[in-house]
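The residues making up each chain are set out below.
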Amino acid sequence: MSKTSHIPIIILAAGQSIRMRGTDKLLQHISTVPLIKRQTEIALQATNGTVIVTLPSPPHPRYDALEGLNIQRVPVADAREGMAASLRAGFANLPKKTTAAMLLLADLPELTQVDLKKLLSAVDTGSKSLAWQATTEAGCPGHPIVFSSTLFPKIAELTGDIGARAILKQATNRITFVALPENRARRDLDTPEDWAAWREERSDD
């Protein structure tokens, strides 16, 4: 069994879903399954390592959606600060001696278990690369991203509504890109209109 199959996966799911105007995008159903549960299940299928999910402070309906799954739930008390708080919390809870970890956004509904495995299989922690980043089929950078432990201290220093982009800037020329099919690495759904349009597209298939 390859070492990459044990790389932990951190799923960021502590956001407030403000642009959904009163509904929770991570509880939207895809084939009868809430999005947050779907993303967590494909992560569990892709790795034998720890799966960490950052969440708002309980009680919250997202906990109910994840009931019964063998994951580590990490409440983010300061989630309103922005994405940096979730990143800090997720990476702070990694097992000791973790050499690399995948960052997976919870709101990319077209990603599959195969996509995650493809990115994990590209990871070589003995190489000069500091990050391994999924791209669209056309080569546009997206998610998920695997970070070498060399970058973990930088992630711990993040503040505000700052995501992985700030860390990737520090790894310039040391990023390995892995193309995924179509637009899966970037297709997120943040508004009711996004969801309606996406479901319409799927109904036409």
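Let me begin by describing the structure that accompanies this report. None of these values were measured; they are calculated from a predicted model.

Criteria and cut-off values
- Residues numbered from 1 in each chain as written.
- Predicted model: local features only at pLDDT ≥ 70, side-chain atom pairs only at ≥ 80, totals over all residues.
- Heavy atoms only, no water.
- Salt bridge = Lys/Arg side-chain N within 4 Å of Asp/Glu carboxyl O.
- Buried < 20%, exposed > 50% of the residue type's maximum accessible area, 1.4 Å probe, protein only.
- Helix = DSSP H or I, 4+ residues; strand = E, 2+ residues; numbered from the N terminus.
- Pairing = 2+ DSSP bridges.
- Contact = heavy atoms within 4.5 Å.
- Phe/Tyr/Trp six-rings, centres within 6.5 Å; stacked < 30°, edge-to-face > 60°.
- Axes fitted to C-alpha atoms, helices over the stretch in contact; angles between N-to-C directions.

This next bit is on the pattern of salt bridges. Tallied over the full model, the rule gives nine salt bridges. When the shortest N-O distance is used, the salt bridge between Glu-81 and Arg-88 registers 2.9 Å. Glu-81 gets classed as partly exposed once you look at its relative accessible area, which sits at 29%. Through salt bridges with shared partners, a single network forms among Lys-25, Asp-107 and Asp-190.

Now for the pairing of strand 8 (residues 141–148). Taken across its eight residues, strand 8 has seven buried, putting it largely inside the fold. Across four bridges, the pairing between strand 6 (residues 100–105) and strand 8 is antiparallel. Across the sheet, Ala-101 pairs through a bridge with Phe-147, a residue of strand 8. What sits between the antiparallel neighbours strand 7 (residues 131–135) and strand 8 is a turn of five residues, in which Gly-139 has the positive phi angle 100°.

Along the polypeptide, His-143 turns up in strand 8. Beyond its immediate chain neighbours, meaning those up to four positions away, His-143 contacts Leu-103, Leu-105, Leu-108, Leu-111, Ala-134, Ala-164, Leu-180 and Ala-185.

Cis peptide bonds are those with omega within 30 degrees of zero, and the linkage from Pro-58 to Pro-59 qualifies with 0°. Within the secondary structure, Pro-59 is located in the loop between strand 4 (51–55) and helix 2 (61–65). At the junction of His-143 and Pro-144, the peptide bond is cis and its omega measures out at 5° in the coordinates. With respect to the helices and strands, the residue Pro-144 is situated in strand 8. Phi at Ser-31 is positive, roughly 55°, even though this residue is not glycine. When you line up the elements, Ser-31 lands in the loop between strand 2 (29–30) and strand 3 (33–34).

It is worth spelling out the environment of Leu-151 at this point. Tracing the sequence through the fold places Leu-151 in the loop between strand 8 and helix 5 (152–156). Its relative accessible area of 4% is what places Leu-151 among the buried residues. In this structure, the C-alpha to C-alpha distance between Leu-151 and Ala-131, residues 20 residues apart in sequence, is 8.5 Å.

Let us look at the packing of aromatic side chains. The tally for this structure, following the rule as stated, stands at three aromatic pairs. Here the aromatic rings of Phe-91 and Phe-147 are separated by 6.0 Å at their centres, their planes lie at 75°, and the arrangement is edge-to-face. Pair noted here: Phe-91 is in helix 3 (residues 83–92) and Phe-147 is in strand 8, with a separation of 56 residues, a long-range link. Using a relative accessible area of 9% as the deciding quantity, one classes Phe-91 as buried.

Strand order in the open sheet formed by seven strands is 5-4-1-6-8-7-9, with mixed pairing between adjacent strands. Strands at the two margins of the open sheet, each flanked by one partner only, are strand 5 (72–75) and strand 9 (175–179). The mean inter-strand angle of the sheet, taken between neighbouring strand axes irrespective of direction, is 25°. Pairing geometry for strand 1 (residues 9–12) and strand 4, over four bridges, is parallel. Note on strand 4: the bridge partner recorded for Ile-9 is Val-51. Packed onto the sheet, helix 4 (residues 113–121) meets strand 1, strand 6, strand 7, strand 8 and strand 9 and runs at close to 45° relative to strand 8.

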